[in-house]
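Chain by chain, the residues run as shown.
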Protein chains: 2
Amino acid sequence: MAASSSLSTLSHHQTLLSHPKTHLPTTPASSLLVPTTSSKVNGVLLKSTSSSRRLRVGSASAVVRAAAVEALESTDIDQLVEKSVNTIRFLAIDAVEKANSGHPGLPMGCAPMGHILYDEIMRYNPKNPYWFNRDRFVLSAGHGCMLQYALLHLAGYDSVLEEDLKTFRQWGSRIPGHPENFETPGVEVTTGPLGQGIANAVGLALAEKHLAARFNKPDAEIVDHYTYVILGDGCQMEGIAQEACSLAGHWGLGKLIAFYDDNHISIDGDTAIAFTESVDLRFEALGWHVIWVKNGNTGYDEIRAAIKEAKTVTDKPTLIKVTTTIGFGSPNKSNSYSVHGSALGSKEVEATRQNLGWPYEPFHVPEEVKKHWSRHTPEGASLEAEWNTKFAEYEKKYPEDATEFKSITTGEFPAGWEKALPTYTPETPGDATRNLSQQCLNALAKVIPGLLGGSADLASSNMTLLKMFGDFRRTHRKKETFRFGVREHGMGAICNGICLHSPGFVPYCATFFVFTDYMRGAMRISALSEAGVIYVMTHDSIGLGEDGPTHQPIEALSKFPAMPNILMLRPADGNETAGSYKVAVENRKTPSILALSRKKLPNLPGTSIEGVEKGGYTITDNSSGNKPDVILIGTGSELEIAAKAGDELRKEGKAVRVVSFVSWELFEKQSDEYKESVLPSDVTARVSIEAGSTFGWHKIVGSKGKAIGIDKFGASAPAGKIYQEYGITVEAVVEAAKSVC
Amino acid sequence: MAASSSLSTLSHHQTLLSHPKTHLPTTPASSLLVPTTSSKVNGVLLKSTSSSRRLRVGSASAVVRAAAVEALESTDIDQLVEKSVNTIRFLAIDAVEKANSGHPGLPMGCAPMGHILYDEIMRYNPKNPYWFNRDRFVLSAGHGCMLQYALLHLAGYDSVLEEDLKTFRQWGSRIPGHPENFETPGVEVTTGPLGQGIANAVGLALAEKHLAARFNKPDAEIVDHYTYVILGDGCQMEGIAQEACSLAGHWGLGKLIAFYDDNHISIDGDTAIAFTESVDLRFEALGWHVIWVKNGNTGYDEIRAAIKEAKTVTDKPTLIKVTTTIGFGSPNKSNSYSVHGSALGSKEVEATRQNLGWPYEPFHVPEEVKKHWSRHTPEGASLEAEWNTKFAEYEKKYPEDATEFKSITTGEFPAGWEKALPTYTPETPGDATRNLSQQCLNALAKVIPGLLGGSADLASSNMTLLKMFGDFRRTHRKKETFRFGVREHGMGAICNGICLHSPGFVPYCATFFVFTDYMRGAMRISALSEAGVIYVMTHDSIGLGEDGPTHQPIEALSKFPAMPNILMLRPADGNETAGSYKVAVENRKTPSILALSRKKLPNLPGTSIEGVEKGGYTITDNSSGNKPDVILIGTGSELEIAAKAGDELRKEGKAVRVVSFVSWELFEKQSDEYKESVLPSDVTARVSIEAGSTFGWHKIVGSKGKAIGIDKFGASAPAGKIYQEYGITVEAVVEAAKSVC
């Protein structure tokens, strides 16, 4: 057998794979699951489509290929594919077995489509997992991560070496229990919480379509890749998947190809107990092209044909429903929930080895499989080199576009971009911070090529329209505002996908602050996966008034509760809004939440962009020697109240410091000296005011201070009335201040 | 015209309504929106179906009816319906105008279906909004609440009197900015956050189907009502709606009839910018029966026929897509986003009055409309009386069933139910609190007739199966476990619906604790709407081990962050788990979250059910005079660590108090004396330990104490290893204790 091979000749021979040593696994009624006859069940021998990928590879890799093609007989290739697929299965089985923890079922069932994708279809460079024009792959059913780790290993990624496979799910491993983009290069996004991955994939495909529409030229197609995703029954049940897939259909994302691992088993057993909808019909309703591969276990050519067909449909995303057997090959556990989330156990591993004719030691990759896959390293290098050449030409012809494009692909913003942010003086007429936010967004969109986003059907309330741009539609334009509809969770996850597509994307998304409750799943993934999404969250308190308690956040202010790696910013006026955007844009690996007011607020003396960067800072002070009689601390719309209370108290002769506490997380990062300069430890007379829960404020005001806030739900009434009735007033602050100093 | 009337004669006359004074509103291209010709566009004059309701009314109300029927001519009735519909429209217009805040568009478009439902179809008793067998109505598009308030007013509910209508959205009003069940009797659930209402409705219909299957007898159908819901484009886009509707189809909830207000307008404008899926086809895919009413503006008979048809389909829920014009009747604003969420303005109100021929003062209800609706008070009383008679017979024949049934409908549990809870001693072998939770659930299910629930596809991980019962399926059984599939958000909202169906329901639902992030929208509505759902949240920390940071909650422990009216309980062992269930079951107007461990925990000396009820309490103490050297505070799986650290320190001669802090909220409710007895204010040497964020703990440990926790994301590794690496150890507590005392 030749040292390296190619499957481009598959179309010349259609011999079915034979498994002479294979016993039939315990199977359900469907004969589709019988490996040796399955392809024939469908009655048609399909033309191989694997050549489609090869045809796209340029001249350099063609040389590597040509030699291989000659040397291989068809049966050899069939057997090699089968061996490669079983290698994937057993790497997953062995890693889960060694960890005695994990999910072997999905990798065993999805190994065929995984093999075809990574070996025959996808374009990538294993030695540069961040090459711009790579095809993206997302394992939305993240629990099956050993599938992806096995594929990355075979494909030659340095992130998953043989020794890594043996550390699965252990402390310090590079291959954790679910796919994590920040741990394992080659993994695009962080999945595991179901539904997130497919929504991320929609974001990746949207980013591709946006960039293609904006930068490609008739003579220079520099943006051209697919997004592939595998999702399971669990993902299909999640509402977030529906939201994202509805948008994918609406946007006509033709380069999104999703494989639905239709294995009928979830943790609780047969999906018939909870999931009997027609997924096919639903996706048709969503505007997707739908293909059914009836035999995903051994129907390689069916899978190939489906991918080929999907690529011909350029105006719709495609769902390929691939019916598989979970835990395929395990004689006693396949097609049952017991293979979903537990190690097979040594006895069943042995039985599976027998059944699939696998004589090797754990973690063994047969030499011919290794050799076969080894070509991806030179081929990947060629692919990237060819693209680099193409881009060099593009840069010559279209230097301005190339500059914008490079900002997005490298994450380097034009020097001095922050100077575009507006500044304000106390004389500037007051405005709602949601309106000030719109000024910032529109200013930044002009200088940061990768800034883009939209709202969940509240653009005119969130004030997030980029006025110079149109909407992203099927008939897409150069630069766009996205219209997410009322789909907060999907919106957040799509923005994660955009953000992780290219480092210079600065996606923002918007809804009412209270509806962070609908999208926390996605926000947590932003924080964990280091996606610097900007969450523009308006109507941030009882200050929204009449809509009442369903719409008034109480519990989410101050510090987005305790979530690691997320910045919560609650600006009080124009300068603080600008400062919040500066911080948010700079923090590309930390998402930011901007809590913004619906009501008009004055521009206060003493606020500044620099102050915001410290998280907490003094805006006014009439004390000396860092010894104020009392410190008043406010955030957002209540900083005005704190400032007014300070004025009142000063009239009575008090030395008062007023502190803006715009971001807890930023303040916590400052030096002890700085913190002491703002909140001297021997000044225990402190009063905080914020129109939200007092939970957590005791850390700042101390046990002798007072926290004014709201620890019950809001009410439906004009904003001023609620502030009065809830005691969020200047009088309350003055009274509290007097009681503590 | 007769003083009271009935529409039961409608089937004898099919004259189209004429609007001699009506000018055509500004309409889109579709001629369906032209009021005077619309029904003819569809080519068929449909038989009225309104008699179906009347036929179900028993003998008492038949007398009231008979007189009315004689006195009315058909044209009179048509005109009366039209007048009633316009009354609804103008009550909404006027209330929003007076508040200068609100959403007039939906009530104007949905007034016809609203009228038909409340006047012709639904069975209710306005003087007892809590009559068990009433039909339920949910306005999922809650922003259109003036529709419901107008209907409740006309129907004779005491909660919405004429003077109330004039207080819309004002402080202290009984009709707030979105429908709130706790403010307005007659409103079943709290809506506004989109998608929640339709999911609540699924819960209400599920409750009905469950009770019917469990209690109805061939000779005594005591459970028999419909659940009606109106949802809009916004609800349709939300993932939670998809989740709940998929389950409704799966469960075959034939008595759920949903009206989809298909008006093509959302806040951002025409839904074409973000929502182009085929909703009809999607609902067919979900197993619903789908009907399209093409003219929802004036096609009364079309609406009636659709409801009749929906009732004939008993094995599927029905979606009636009703195409309407938002803001119908407003000549310049209808069919545009400007009528969605703002008052029309006095000029447009006047133009609308002209257009619809409405000569009345604001808030006027024409006398004949008043008279017409007045019959609902005697009819409602009759309906309830008839049902009471039927139930009295049932009670005689089936006393045991009746006792169970009454527990559910009254909320009174059998005396001594709490004695069923298991108790434990330190000698009882240790177990994971998720397993102990299962013991409690199974014990309670035997004594509390209304306890029921399920898991989001994690029953065997959450340990929430009720072992003596089967699954709720189309072929339902006496008592069931629900299988929610991987649909956390829908699950929570469905449980809210079950909970608010009857006061004795004690629904529980389960998933991994980290996935509270997927369902916070529903949990917040539990808290706000006083639905005592029990959230069984297992795998509550890094203690779950290998699944890694995507599955390890960090930020959600201690106090479910700052949300009002929700109890967070984190039991440490068997007694505390039992105590947590006692608290959760007793608090029928406050939801509870039980955070439970995956790993085995010992039964600790000193824990007790009574202790849990205090929220925080001393489990062991070797100090005297309420003056320990140090207080160690732990929760859940870390109480064991605190206890061991206490033992270590005592060996070294320290006087140590170990406190279990199982619930912040419960502790906060205790008297100052009690709090002082547990945490004496002059003992500032305090150390807390919890495998989660330290945010908030400073309130308890004070500025001189130490909070041990985790302020970063977790990791994928065996649990013990992560605890060690993250410093959640006995050694860390001992060291911290020494540093503070």
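Residues numbered from 1 in each chain as written. Chains lettered and ligands numbered in written order. Predicted model: local features only at pLDDT ≥ 70, side-chain atom pairs only at ≥ 80, totals over all residues. Heavy atoms only, no water.

Visitor: Give me the interface of chain B and chain A: which residues, what numbers.
Guide: In this complex, chain B contributes 95 residues to the contact, which on the side of chain A involves 95 residues. Each partner contributes to the roughly 8,200 Å² buried at the junction of chain B and chain A, and carbon and sulfur atoms together form 60% of this total. The tally of links between chain B and chain A comes to 10 salt bridges. Taking the shortest distance from any N to any O, the salt bridge between Arg520 of chain B and Asp517 of chain A comes out at 3.1 Å. Mapped onto the side of chain B that touches chain A, the elements with two or more residues apiece are helix H9 (233-237), helix H10 (239-251), helix H11 (279-285), helix H18 (459-462), helix H19 (488-501), helix H20 (516-528), helix H26 (698-701) and helix H27 (719-725) of chain B. In terms of residue count, H20 of chain B provides more of the side of chain B that touches chain A than any other element does, 8 residues in total. Taken together, the residues of the side of chain B that touches chain A break down into 39 nonpolar, 30 polar and 26 charged. (Contact = heavy atoms within 4.5 Å. Buried area = accessible area lost by both parts, 1.4 Å probe. Salt bridge = Lys/Arg side-chain N within 4 Å of Asp/Glu carboxyl O. Helix = DSSP H or I, 4+ residues; strand = E, 2+ residues; numbered from the N terminus. Nonpolar A, V, L, I, M, F, W, Y, C, P; charged D, E, K, R; others polar.)

Visitor: Just give me the short version of the UniProt feature "active site" in chain A, but keep the residues and values in it.
Guide: When the UniProt feature table is mapped onto this chain, "active site" is found at Glu488 of chain A. Tracing the backbone shows Glu488 of chain A in helix H19 (residues 488-501). What Glu488 of chain A contacts, discounting residues up to four positions off in sequence, is Glu243, Ala456, Thr511, Phe515, Tyr518 and Met519 of chain A together with Glu238 of chain B. (UniProt positions renumbered as here; feature names shortened; annotations may be inferred.)

Visitor: Outline H20 of chain B, supporting the account with residue identities and numerical values.
Guide: Residues separated by three or four positions in an α-helix point in the same direction, a consequence of the helix having 3.6 residues per turn. Residue and element names in this part refer to chain B. Where H20 bends most, the angle comes to about 40°, and this point is Ala522. Taken across its 13 residues, H20 has 13 buried, putting it largely inside the fold. Directly beyond the C-terminal end of H20, a positive phi value near 60° is found at Glu530. (Bend = angle between axes of the 7 residues up to and from the residue. Buried < 20%, exposed > 50% of the residue type's maximum accessible area, 1.4 Å probe, protein only.)

Visitor: Residues and numbers for the packing of helix H5 (residues 105-121) of chain A against helix H12 (residues 300-312) of chain A, please.
Guide: Residue and element names in this part refer to chain A. Between H5 and H12, the shortest axis-to-axis distance is 10 Å and the interhelical angle comes to 55°. Classed by the angle they form, the pair H5 and H12 counts as oblique. The crossing of H5 and H12 is right-handed. Seen from H5, the contacting residues are Pro112, Met113, Ile116, Leu117, Glu120 and Ile121; seen from H12, they are Tyr300, Ile303, Arg304, Ile307 and Lys311. Of the residues assigned to the contact of H5 with H12, the class counts are 8 nonpolar, no polar and 3 charged. (Axes fitted to C-alpha atoms, helices over the stretch in contact; angles between N-to-C directions. Parallel < 35°, antiparallel > 145°, perpendicular 65-115°, else oblique. Left-handed = near helix turned anticlockwise from the far one by under 90°.)

Visitor: How would you explain the UniProt feature "binding site: substrate" in chain A if you had to name every residue and give the values?
Guide: UniProt marks His103, His340, Arg434, Ser461, His539, Asp547 and Arg598 of chain A with the feature "binding site: substrate", using the numbering shown here. Across 496 residues in sequence, these annotated residues place their C-alpha atoms as far as 48.1 Å from one another, rather than forming a single compact spot. By the element assignment, His103 of chain A lies in the loop between helix H4 (74-99) and H5. In this view, His103 of chain A contacts Val96, His143, Gly144, Arg169, His340 and Gly341 of chain A together with Asp547 of chain B; residues no more than four positions away in its chain are not counted. A polar atom in the side chain of His103 of chain A sits 3.4 Å from the backbone oxygen of His143 of chain A. Tracing the sequence through the fold places His539 of chain A in the loop between strand S13 (534-538) and strand S14 (567-569). Judged by its relative accessible area of 5%, His539 of chain A falls in the buried class. Polar side-chain contacts of His539 of chain A include one of 2.8 Å to the side chain of Thr538 of chain A. (Polar contact = N/O pair within 3.5 Å; in protein donor to acceptor, adjacent residues only side chain to side chain.)

Visitor: Give a description of the pattern of salt bridges that names residues and reports values.
Guide: Residue and element names in this part refer to chain A. Under the definition given, this model contains 73 salt bridges over all chains. Across the pair Lys321 and Asp280 runs a salt bridge, and its minimum N-O distance is 3.2 Å. Pair noted here: Lys321 is in strand S7 (residues 318-323) and Asp280 is in helix H11 (residues 279-285), with a separation of 41 residues, a long-range link. For the pair shown, Lys321 and Asp280 are each scored as buried. Salt bridges here are not isolated pairs; linked through shared partners, they connect Arg123, Glu208, Asp224 and Lys255.

Visitor: Requested: an account of unusual backbone geometry, with residues and values cited.
Guide: Despite not being glycine, Met463 of chain A has its phi angle at roughly 60°, a positive value. Here the phi dihedral of His264 of chain B falls at roughly 65°; this positive angle occurs in a residue that is not glycine. Mapping His264 of chain B onto the fold places it in the loop between strand S3 (256-262) and strand S4 (265-266).

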